[in-house]
Amino acid sequence: PPLLTCPPDVTIDCEGDTDPSNTGYAMCNEVTGAPLDATYNDVIISGEGNCKVIERTWTCVDDCGNEATCVQTISVVDDEAPVFPGPEDTTLYFQCADEVPAPMPMTAIDNCDGEIVAEAGGEIILEGECGNRFEVKLRMWEFTDQCGNTSIKTLTIIVRDTIAPVAPPAPGDITIECGDIPEPVELTAVDNCDGDITV
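Residues numbered from 1 in each chain as written. Predicted model: local features only at pLDDT ≥ 70, side-chain atom pairs only at ≥ 80, totals over all residues. Heavy atoms only, no water.

(A) Layout of the overall build of the protein chain. Of regular secondary structure, the protein chain possesses one helix and 15 strands. Along the first, second and third principal axes, the C-alpha set of the protein chain runs to 135 × 20 × 20 Å. The proportion of buried residues among the 199 residues of the protein chain is 27%. Considering only contacts within the protein chain whose residues lie at least 6 apart along the sequence, 51% involve residues at least 24 apart. Surface summary for the protein chain: the accessible area is close to 12,500 Å², and the carbon and sulfur share equals 54%. Computed over 7 positive and 39 negative side-chain charges, the separation of the two mean positions in the protein chain equals 5 Å. (Helix = DSSP H or I, 4+ residues; strand = E, 2+ residues; numbered from the N terminus. Buried < 20%, exposed > 50% of the residue type's maximum accessible area, 1.4 Å probe, protein only. Contact = heavy atoms within 4.5 Å. Areas by Shrake-Rupley, 256 points an atom, 1.4 Å probe, with all protein chains shown as cover. Lys, Arg positive; Asp, Glu negative; His and termini not counted. Charge placed at Lys NZ, Arg CZ, Asp CG, Glu CD.)

Encoded structure:
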């Protein structure tokens, strides 16, 4: 058979090209030293997409039909997590709970997979809940690419009502005869979060 030498096994990132111009060519020669062409066939033996191991079998055949083969292993890897545009951690402040926007999908960019869209993974109450008075919530979005690399976007929501209700004018002063004290009237104040407050 001809003399066939495989290129060495290589590891490339998912952005790299698996073409032999990037991973190496096999060298084949007749026993007389004359060069021969080698062809190859790829089989994925594990993984998929941007994380896989390719078994590349090189084959060389001389004019008399004698054949030589060798195997090169090409590992395609991705070790970079998706990147969320902007800061990873964000804090938003609101006066009232009804001002807090509903959770929305967010998009991160991965070096290999492109855009990765994730839904908010629910909310965690970090500090006590007291109506609209003081509340701290944590929202998280988890972005995972094909190779299992993960990044997390965190949004802290602080709801803190710092505006007092606006009281109505007091009833006018009155002068009464002894023993004729009227019952107190109800007064209604207006709050920025709770609306009408009647006392």
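Now, onward.
(B) Structural view of the state of the cysteines. Inspection of every chain in the model, using the stated rule, returns five disulfides. The residue that forms a disulfide with Cys 6 is Cys 70, at a sulfur-sulfur distance of 2.1 Å. Looking down the S-S bond of the Cys 6 and Cys 70 bridge, the torsion is 95°, so its handedness is right-handed. One end of the pair, Cys 6, is in the loop between strand E1 (3-5) and strand E2 (10-13); the other, Cys 70, is in strand E7 (residues 67-77), with 64 residues separating them in the sequence. (Disulfide = S-S within 2.5 Å.)

(C) The environment of Asn 66, seen in detail. Within the secondary structure layout, Asn 66 lies in the loop between strand E6 (51-61) and E7. On the basis of relative accessible area, Asn 66 is assigned to the partly exposed category, the value being 34%. Distance in space between the C-alpha atoms of Asn 66 and Pro 2 is 6.9 Å, their sequence separation being 64 residues.

(D) Spotlight on the packing of aromatic side chains. Taken as a whole, this structure holds three aromatic pairs when the rule is applied. Ring centres of Tyr 40 and Trp 58 lie 5.0 Å apart, and the angle between their planes is 50°; this geometry places the pair in the tilted category. Separated by 18 residues along the polypeptide, Tyr 40 in strand E5 (residues 38-48) and Trp 58 in strand E6 bring together distant segments of the chain. The class of Trp 58 is buried, set by a relative accessible area of 1%. In textbook terms, an aromatic cluster arises when at least three aromatic residues are bridged by ring pairs, as seen for Tyr 25, Tyr 40 and Trp 58. The residue whose ring lies beneath Arg 56 is Tyr 40, and the NZ or CZ to ring-centre distance is 4.3 Å. (Phe/Tyr/Trp six-rings, centres within 6.5 Å; stacked < 30°, edge-to-face > 60°. Lys NZ or Arg CZ within 6 Å of the ring centre and 35° of its normal.)

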